[in-house]
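Below are the chains, spelled out letter by letter.
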Amino acid sequence: MPVPPYTPDSRPSPHGDADGRPSDVLVVGAGPVGLACALYLARDGWTVTVLERWPAPYAQPRAVHFDDEVARLLADAGLGDRLPGLTETVDTYEWRNADGRTLLSFDWSGLGPSGWPTASMMYQPDLETALADSAAAHENITVLRGHEAVGLTEGEESVTVVARDRAGTEHRFTAGWVVGCDGANSFVRGRVGAETTDLGFFYDWLIVDVRPREDRTWNPVNLQICDPRRPTTAVSGGPGRRRWEFMRMPGESVEDLNTEARAWAFLEPWDLTPENSVLERHAVYTFQARWADVWRAGRLFLAGDAAHLMPPFAGQGMCSGIRDAANLSWKLGQVLRGNAVPAVLDTYGTERAAHVQHAIGMSVELGKVICVTDPEAAAQRDAFMIGMGADPARILPPLPPPMLTGGLIAHGESGRPTGSAGRLSMQARVRRAGRTGLLDDVVGRGFVVAATGDPRDLLDPGQLAFLERLGAHLVHLRPKGSDAVTEVDAVDVDDVYLPHLEAAGHIAALIRPDHYVFGTACTAAELGDLVTELRRMLEAAPAAGSASGATAPAAMPAPAAEQGSVRASAPTDAARDTSVPAGGA
């Protein structure tokens, strides 16, 4: 049954609450993904109710890493100023064998294409606190902890969710849309009726989080030990913290492994003892690889762990969930505003499922390398990697970019993306109105049209009016050293954007709010066509494309050990393109 859009008269207002006043969107789950989703929507003026079953935030860390793209998305959620104090940046990452010989060495130094550090390590409870503080301070967000979703009824124009508080009292909440960010055992996924695809990859690892009482230099900061006797991970757990992961070996039980005594025994070779360190937790996690086959059903959506689970070897679990929130929120916002038909929301699952399947595939292949317990197979693996000089460029196979191939991007007559459409845009510094900073901060977040000329001179009045309804930002990129004269001028202070556009033969790029390129143009006429195509796709149901559009990662050429591709510099589930300027979300 078609889902009717909201009209200005039917839009819920103000906050959703148990008194029957509806909200625009109801989010189930107040973890990083749910809170980020709420913040993106609230930033654009929509009211959001967040229901969380637990009375207080979970105080133990889970994820410890995010990449430069997700740092940019967290800045979109309002955390930009706080991220440096929440993170430890990492310059190197090494894989070593049991003898301490280097198998792979990655350079993570400097900034990534999204304008933030290539790799950041964090303590998840601190990140969640920052997100929760931002949500609590926002007038458009209501967060209700200790409210477990237990019932759901979907109507033609709204959804009613029944939540039970800690006293056992049930409350009813109404919203236009519901986003399930409620984890691996998702209540909303059960209502969506989604089946899951499971790759059958299961390994138990003991996770040990430690806070050393003394400052110590860890070199390298992040280390993977590929020892067949006990594969081990030793990485930063955020400022002042460390994480170790120890794989459960054949013949060991979870009960034997998951004790404080075993944790300290494993840490002893690292000179960590109860006298010089605090053991914050130890827990056995079963690493899994699966995704939901359906991400949307009517007015219900899945995001984060409710939609996918992956091994941690690529560091992309939480990152993928934040990308889910960014992708879905801007589309929901345009539907709520009346600029897009509800069928546009089908592209959320199309686009995100393809990216997530790529990330999961990479994570599994990395796990096949790391989790080797056969000494002969490990020796063959080591010989191959050492023989290649521990050089990722020589060891890693060429991986096809997991770019968007369907959904809301410009397509040519062949049905394939045109130009740089579907790639993740870059971000650099610009100057406008006396302010210099990253493009998102200076220009603003939302759709961006960036061009080598004034977009107002390149587009007709109808196209400009449409962009204004979208809340798009127009950017006339000016050369380094010049002045920003008009309100749309932005000086390319680091000489990044204009050279890349010139090298690609582009005069303009149309960037989506989640920073993916809708399309690029070589002429003013092509730019007008891009805007017209975007309008057509938003106002008519676009072809969703195939959710299996991600290309599986190639296998590493080590046939004797039958190993898979090895983790590169914090591989993401997003394709990067440094030939086009970045927008904001």
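Residues numbered from 1 in each chain as written. Predicted model: local features only at pLDDT ≥ 70, side-chain atom pairs only at ≥ 80, totals over all residues. Heavy atoms only, no water.

Enquirer: How would you summarise the environment of threonine 169 if you had to cite specific residues and measurements?
Expert: When you line up the elements, threonine 169 lands in the loop between strand S10 (159-164) and strand S11 (170-180). Not counting the four nearest positions on each side in its chain, threonine 169 is found in contact with Ala163 and Arg164. (Helix = DSSP H or I, 4+ residues; strand = E, 2+ residues; numbered from the N terminus. Contact = heavy atoms within 4.5 Å.)

Enquirer: Go over the nonpolar core, please, and point to the residues and values.
Expert: Core analysis: the biggest nonpolar cluster contains 139 residues, and Phe66, Trp95, Val178, Val179, Leu332 and Leu467 have the highest contact counts within it. With 10 residues, helix H8 (residues 317-337) is the single largest residue contributor to this core. In this structure, phenylalanine 66 is in contact with Ala71, Leu74, Leu83, Thr87, Thr118, Ala119, Ser120, Met122, Met318 and Cys319, ignoring residues within four places of it in sequence. Membership of the second largest hydrophobic core comes to 18 residues, among which are Met426, Ala428, Val475 and Leu477. (Core = buried A, V, L, I, M, F, W, Y, C linked by side-chain atoms within 4.5 Å. Buried < 20%, exposed > 50% of the residue type's maximum accessible area, 1.4 Å probe, protein only.)

Enquirer: I'd like a rundown of empty space enclosed by the protein, residues and numbers included.
Expert: Under the defined criterion, the tally for this structure stands at three cavities of 30 Å³ or more. When its volume is computed, the largest cavity comes out at roughly 70 Å³. Lining of the largest cavity is provided by Glu69, Leu73, Arg323, Ala326, Asn327, Glu351, Arg352, His355, Leu404, Asp514 and Tyr516. Of all elements in the fold, only helix H2 (68-79), H8 and helix H9 (346-370) reach the threshold of two or more residues within the lining of the largest cavity. By residue class, the composition of the lining of the largest cavity is four nonpolar, two polar and five charged. (1 Å grid on protein atoms, 1.4 Å probe; cavity = no way out; pocket = protein on both sides within 12 Å on 5 of 7 lines; lining within 4 Å. Points joined across faces, edges and corners; volume = space filled by probe spheres on them. Nonpolar A, V, L, I, M, F, W, Y, C, P; charged D, E, K, R; others polar.)

Enquirer: Let's hear about the packing of aromatic side chains: which residues, and what values?
Expert: Each aromatic ring pair is described using two quantities: the centre-to-centre distance and the angle formed by the ring planes. Scanning the entire structure with this criterion turns up 14 aromatic pairs. Ring geometry for tryptophan 177 and phenylalanine 301: centres 5.9 Å apart, planes at 45 degrees, overall tilted. Separated by 124 residues along the polypeptide, tryptophan 177 in strand S11 and phenylalanine 301 in strand S20 (residues 300-302) bring together distant segments of the chain. Using a relative accessible area of 0% as the deciding quantity, one classes phenylalanine 301 as buried. Measuring from centroid to centroid gives 6.2 Å for phenylalanine 301 and tyrosine 348, while their planes differ by 75 degrees, and the two rings are edge-to-face. (Phe/Tyr/Trp six-rings, centres within 6.5 Å; stacked < 30°, edge-to-face > 60°.)

By themselves, these are just geometric observations and shouldn't be taken as functional.
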